[in-house]
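Structure at a glance
Residues per chain are reported as follows:
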Amino acid sequence: MGLSSRKGIYIPFPQAVPCSYILNMEDCLGNNPIACGKCLEVCEKEAVNYDDQDEIVTREVGVIIVAIGLAVYDPTEMDEYGYTRFSNVITSIEFERLICAGGPTAGNFVRPSDRQPPKRIGFIQCVGSRNPKIGRPYCSNICCMNTIKDTLLLADHYPDVENVVFYQDIRAFGKSFEDMFQRSKEAGTRYIRGLPGDIEEDPQTGNLIVTVENTTSGGMERYELDMLVLSVGVEPPEDLAKISSMLTLTKTSDGFFMESHPKLKPVDAPTRGVYFAGFCEAPKDIKDSVCQAGAAASRGGALLNAGQIQIEAITSRIDEAACKKCGLCAAVCPYAAIIWKKGEAATVIEAACAGCGSCGAACPFGAITMRHFTDDQLIAQVRATLAENPQDKVFVFACSWCSYAGGDMAGISRIQYPSTNRVVRTMCSARVSEEMVLEAFRCGAPVVLVSGCHYADCHYINANRQTVVRVQRLWDKLEKAGVRPERLQLEWISAAEGQKFAQVMWRLEELRKAVTMEEIEQAREALKRKPKKVARQKTAAAAAG
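Structural notes, computed from the coordinates. This one's a predicted model, so the numbers in the text were calculated from it and none came from an experiment.

What follows deals with the sheet that holds strand β21 (residues 447-452). Pairing is parallel across the open sheet formed by 4 strands, whose spatial order is β20-β19-β21-β22. What marks the edges here is a single partner per strand, and that holds for β20 (421-426) and β22 (488-492). Geometrically, the sheet is characterised by an average inter-axis angle of 20° between neighbouring strands, direction not taken into account. Bridge analysis of strand β19 (residues 394-399) against β21 gives 5 bridges, and the strand direction is parallel. If you follow Val394 over to β21, its bridge partner there is Val447.

This is the structure:
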């Protein structure tokens, strides 16, 4: 943490795992040419190699467990707390080093400015967490209990120290956490509900004057403290984006990796054979990280020992005779499960296919069959649903994982919404082809909704990007045909958003009432199938191949 110096060869920190030395070549004097070389001389195992070079190692594996850890928030950008201006404002990580017996002061807790033991210490919570202004709206999970632990450490080793904690909410939700919180208060720690708005430094003493609104009492309060500790949050590590690209993983809105299913597959990645452990999936404490690591190892071991793996019967199949070798399916597959070479028919790796249906919707030649979600099955549902009184119905394509589940949530929550909607379930919104939407309008639907997971939270990595492209293309086609584009709606609804599902249904019901019978008939006429469809497909095939 920059609180003391160290040698060119060192152990990163006490109790490091593995407990091996690191040679920092930027500080070492024994390279090009060798000016020192003492560590090489005394190493009995001959583990020091000044000439070692970086290399790329290739391994063929059956399972990958992603456990890349976390990064600690740097409070430099939040300088309202004086971190870069006042030497006695430190982070919670720097606090840990100062109070540690193996730290730079050998466990003698002092403040940085004058090396004197502090008597009054303040802790500010949620620095770099729960703050949408800096792009970190999430709770970092560990900060509250880390501060409570620190106050107990001070109470044990320095009982004369006064501790004040400034907080928004104390989140002590784990086993025995509430007990620790109560022990901290009983030890004399004061908890002030409110974050400081102004911090000044006394130039004579180096003390910090903190002004805060106590939201419990409703009054402004001032505290003079010897030291201020910023309880910094955590954030995704820098290499998360690179790992995401390498393993075709998706991220949630807070920047962490998204699991395949939050309840049924909490350690599985959307990419099969990849599992999560620790902070890369979400902020969590040591206990939860260890539990998740054990679960990931168990899931990976089960896969490796299976011999054969089972897949859901919703994968795609390609008819080689009908395939025109255009490669569109391979381009839109988020799992790289389709192999295609120019001039050759595409093939599907069934073990890698997740059944999102993006390829089936993209194929203009009908060469791809999505088992149990075939084009004929979905078109038949459209026609059957709109066979009678279509003008009284709002037609909805809903993805299985989120928007369809959001409708279920609205139902079990007894949230009222219009009964005019008719929902057809698809595995992913990307399964909805242009032809399915156009067929709904031909059958007299006044309004069509295509709905799926939130744009950044697709359960099929990034398949819903294809949904956006397809709907935008449909809006252009509808406009050219004289059909109001707003009659086709696109919405992102999560499984937990029953309230939003109901709101969308109420809004679409108002839109349905505004669509006249003349508009419906005009759309039917304008979107009629053109004759010589086969000829058009042959022309498209010739252009593509």
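Having seen it, we continue.
This part is about the pattern of salt bridges. A full pass over the atoms with the stated rule returns 26 salt bridges. Arg524 is the salt-bridge partner of Glu521, the closest N and O atoms lying 3.1 Å from each other. Note that Glu521 and Arg524 are positioned in helix α14 (residues 517-526) at a spacing of 3 residues, about one turn of the helix. In this structure Glu521 comes out as partly exposed when scored by relative accessible area, which is 38%. Three or more residues are tied together by salt bridges with common partners; here these are Arg383, Glu435, Glu439 and Arg442.

Glancing now at the side chain of Glu434. Among the secondary structure elements, Glu434 is positioned in helix α11 (residues 434-442). Judged by relative accessible area, which is 12%, Glu434 ranks as buried. A polar contact is formed between the side chain of Glu434 and the side chain of Lys477, at a distance of 2.5 Å. Beyond its immediate stretch of four places on either side in the chain, Glu434 contacts Arg470, Arg473, Leu474 and Lys477.

The next subject is the packing of aromatic side chains. Inspection of every chain in the model, using the stated rule, returns 13 aromatic pairs. Look at Tyr138 and Phe256: their rings are 5.3 Å apart centre to centre, the planes differ by 80°, and that puts the pair in the edge-to-face class. A residue pair is termed long-range when its members are at least 10 positions apart, and Tyr138 in the loop between β6 (120-127) and α3 (143-157) and Phe256 in the loop between α5 (240-246) and β14 (274-276) qualify at 118 residues. For Phe256, a relative accessible area of 1% puts it in the buried group. Consider the rings of Phe181 and Tyr191, whose centres lie 5.0 Å apart with planes at 90°: the pair is edge-to-face. A residue pair is termed long-range when its members are at least 10 positions apart, and Phe181 in helix α4 (residues 177-186) and Tyr191 in strand β8 (residues 190-193) qualify at 10 residues. Using a relative accessible area of 11% as the deciding quantity, one classes Phe181 as buried. The lysine or arginine in question, Arg6, covers the ring of Tyr10, its NZ or CZ lying 3.9 Å from the ring centre. Stacked on the ring of Tyr455, the Lys or Arg Arg465 has its end atom at 4.5 Å from the ring centre.

Conventions we followed
Residues numbered from 1 in each chain as written. Predicted model: local features only at pLDDT ≥ 70, side-chain atom pairs only at ≥ 80, totals over all residues. Heavy atoms only, no water. Pairing = 2+ DSSP bridges. Helix = DSSP H or I, 4+ residues; strand = E, 2+ residues; numbered from the N terminus. Axes fitted to C-alpha atoms, helices over the stretch in contact; angles between N-to-C directions. Salt bridge = Lys/Arg side-chain N within 4 Å of Asp/Glu carboxyl O. Buried < 20%, exposed > 50% of the residue type's maximum accessible area, 1.4 Å probe, protein only. Polar contact = N/O pair within 3.5 Å; in protein donor to acceptor, adjacent residues only side chain to side chain. Contact = heavy atoms within 4.5 Å. Phe/Tyr/Trp six-rings, centres within 6.5 Å; stacked < 30°, edge-to-face > 60°. Lys NZ or Arg CZ within 6 Å of the ring centre and 35° of its normal.

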